[in-house]
Amino acid sequence: MLESSRSTSILLRGGVILQHDSGGSVTGLKADLLISGDRITQIHPKISPPGDETTIINCHDKLISPGFIDTHRHMWQTQLKGRHGNHNLAEYIPTGHLTGGLYSPEDVFFGELGAAAESIDAGTTTVVDYSHVALSPSHVHRAIDGLVASGLRAFFCLVPTIQAESWKPVVKLKDTLIPDWFLPLLGNLAEQMPMADGRIKLGLGFDGFHLPREEVVSLYQQAKKQVFDAINPLADYDLLGPNVIISHATGMTDYDTARIRAAGAFISSTPSTELQMGLGEPVCLKEDFYGISSLGVDCHSAVSASLVNEARLILQHSRAMRVQEKDIDPVMQNSKEFLPIMDLVMDVFNLITISGAQAIGMGDQLGQVQEGMLADLVVWDATSPGMLAAAQHDPVAAIILHSSIRDVETVIVNGVLRKHEGKLMPFHVNREEQKDWKTVSKDILASREKLERLIQNTCG
Ligand SMILES: [Zn+2]
């Protein structure tokens, strides 16, 4: 896929750069930042543009943060948005998850592209796409095409997909979880990855742990030979390791948690869906999970794809739970104990930056704004009505608690502008053709309407 919107270099001039120190604290540094190719090559108080072709972006009164990293997501679900506002897990599975079985490969392409557009718009630059819509090799290829076209950085995790055999009078599932073509395709993809200038890498997602041990172990051994960076399972067969992300991890025993930590694996909490759908208390800010947690959106069919929203939600939820656990009067009238706030805005900012990068095994390349790292960056308007005053006092608090998606002015992924001056850049939907968001949105709505009819006729 062509990357024709790449400029040879981009100079971000005069912004306040949010930089992590070795302890994970963030301070704002006013400086210029130079991107050459896919990397941040220089951060300095004054940088001259290296050539006439350099794109210069005035960043005075702007914040520059790392792009955010979403470690658990089902990108295909765009056409299902709005259907699950009042659903728990048991209601979502047949009306959401399983309706993926009605998607055509083209529906998957537009689902992925729409999801990526929503992510980029909100300042997310990397997703772990847990793609449980692998109905055929064509579905898989079009899902990857959608990610490539979007400009987003992604781990495409191929998932053996649970499908409905029949829908009425009750949903009956197909017996076969891993079709014959699955492993050959996995091997084939492993040879082609990474794709799109290194942006798209391959992973394996799995939740079929009800299967016999031999089947699970064989799948993983095959996968480990051929793939790997982000694997997404709940493994109990000595398969746990640093390249594993365990989704949700709610209801873990102390023993489970210790094993995850010892193995160097990470977890992905998805606060909105966990709180809504009855998956249990999100664990990412609990002491046992300190340093091994990251955040994901999970189902953007049910909630906004903004990681800032997820960070904000879990921060305030966790603060409330600590007060409740200590049984302190919320207005402090009857309390003898004053409980200082333990969960800080910095903690959740780090969940979606440095910890997200570590979870996908790219802690030395993503999640921070440092020379030598990949150029995945967000430029924020620091003088919008919402951000003004907060951004000048505490940039991290401003982003986590005062920002909206409107304040995400510019998003750069792999050294390429993907959103600029508040607008998404056109997408290369194939080698010859670019489409702007307005056109893509019409394609997505046409696909949604077709799927709506199919869903009504098949399982409504
Ligand atoms: Zn999920």
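Just so it is clear, the structure is predicted and the values come from calculations on it, not from any experiment.

Bringing the pairing of strand β5 (residues 62-66) into the picture now. Within β5, 5 of the 5 residues are buried, which leaves it mostly tucked inside the rest of the structure. Where strand β1 (residues 9-20) meets β5, 2 bridges bridge the pair, whose relative direction is parallel. Directly across from V16, in β5, lies its bridge partner L63. Pairing between β5 and strand β16 (residues 377-381): 5 bridges, direction antiparallel. Within the sheet, the bridge partner assigned to S65 lies in β16 and is V378.

This paragraph deals with helix α2 (residues 105-121). Three or four residues apart is the spacing at which side chains of an α-helix point the same way, because the helix has 3.6 residues per turn. For α2, with 17 residues, the first-to-last C-alpha span of 24 Å sits near the 24 Å given by 1.5 Å per residue. For α2, the tally of buried residues reaches 14 of 17 residues, placing the bulk of the element in the interior. Once α2 finishes, G123 follows within two positions and takes phi at roughly 95°, a positive value.

Bringing the pairing of strand β14 (residues 266-269) into the picture now. Consecutive side chains of a regular strand alternate in pointing toward one face of the sheet and then the other. Neither face of β14 is left uncovered, since the one carrying F266 and S268 and the one carrying I267 and S269 both have all their residues buried. Sheet topology places strand β13 (residues 245-247) next to β14; 3 bridges connect them, and they run parallel. Note on β14: the bridge partner recorded for S247 is S268. Between the parallel elements β13 and β14, the chain passes through helix α6 (residues 254-263) in a crossover that is right-handed. Looking at chain direction, β14 and strand β15 (residues 293-295) are connected through 3 bridges and run parallel. When the sheet's bridge partners are listed, S268 is paired in β15 with S294. Crossover connection from β14 via helix α7 (residues 271-277) to parallel β15: handedness right-handed.

Turning to the coordination of the zinc ion, a few remarks are in order. Taken together, H72 (NE2), H74 (NE2) and D298 (OD) make up the protein donors of the zinc ion, found 2.0 to 2.2 Å from the metal. Linear spacing of the donor residues for the zinc ion on their chain is H-x1-H-x223-D. Within this pair, whereas H74 is found in the loop between β6 (68-73) and α1 (89-95), its partner D298 is found in the loop between β15 and α8 (307-325), the two being separated by 224 residues in sequence. You can call H74 buried: its relative accessible area is 4%. Judged by relative accessible area, which is 5%, D298 ranks as buried.

The next thing to look at is the side chain of S150. Considering the arrangement of structural elements, one finds S150 in helix α3 (residues 137-150). Since its relative accessible area comes to 1%, S150 is described here as buried. In terms of polar contacts, S150 uses its side chain to reach the backbone carbonyl oxygen of L147, at 2.7 Å. When residues no more than four places from it in sequence are discounted, the contact partners of S150 are L113, A116, I120, R418 and F427.

Here is what the cut-offs are and how they apply
- Residues numbered from 1 in each chain as written.
- Predicted model: local features only at pLDDT ≥ 70, side-chain atom pairs only at ≥ 80, totals over all residues.
- Heavy atoms only, no water.
- Buried < 20%, exposed > 50% of the residue type's maximum accessible area, 1.4 Å probe, protein only.
- Helix = DSSP H or I, 4+ residues; strand = E, 2+ residues; numbered from the N terminus.
- Pairing = 2+ DSSP bridges.
- Expected span 1.5 Å × (residues − 1).
- Right-handed = clockwise from strand over helix to strand, strands pointing away.
- Donors = N, O, S within 2.8 Å, 3.2 Å for Na, K, Ca; no water.
- Polar contact = N/O pair within 3.5 Å; in protein donor to acceptor, adjacent residues only side chain to side chain.
- Contact = heavy atoms within 4.5 Å.

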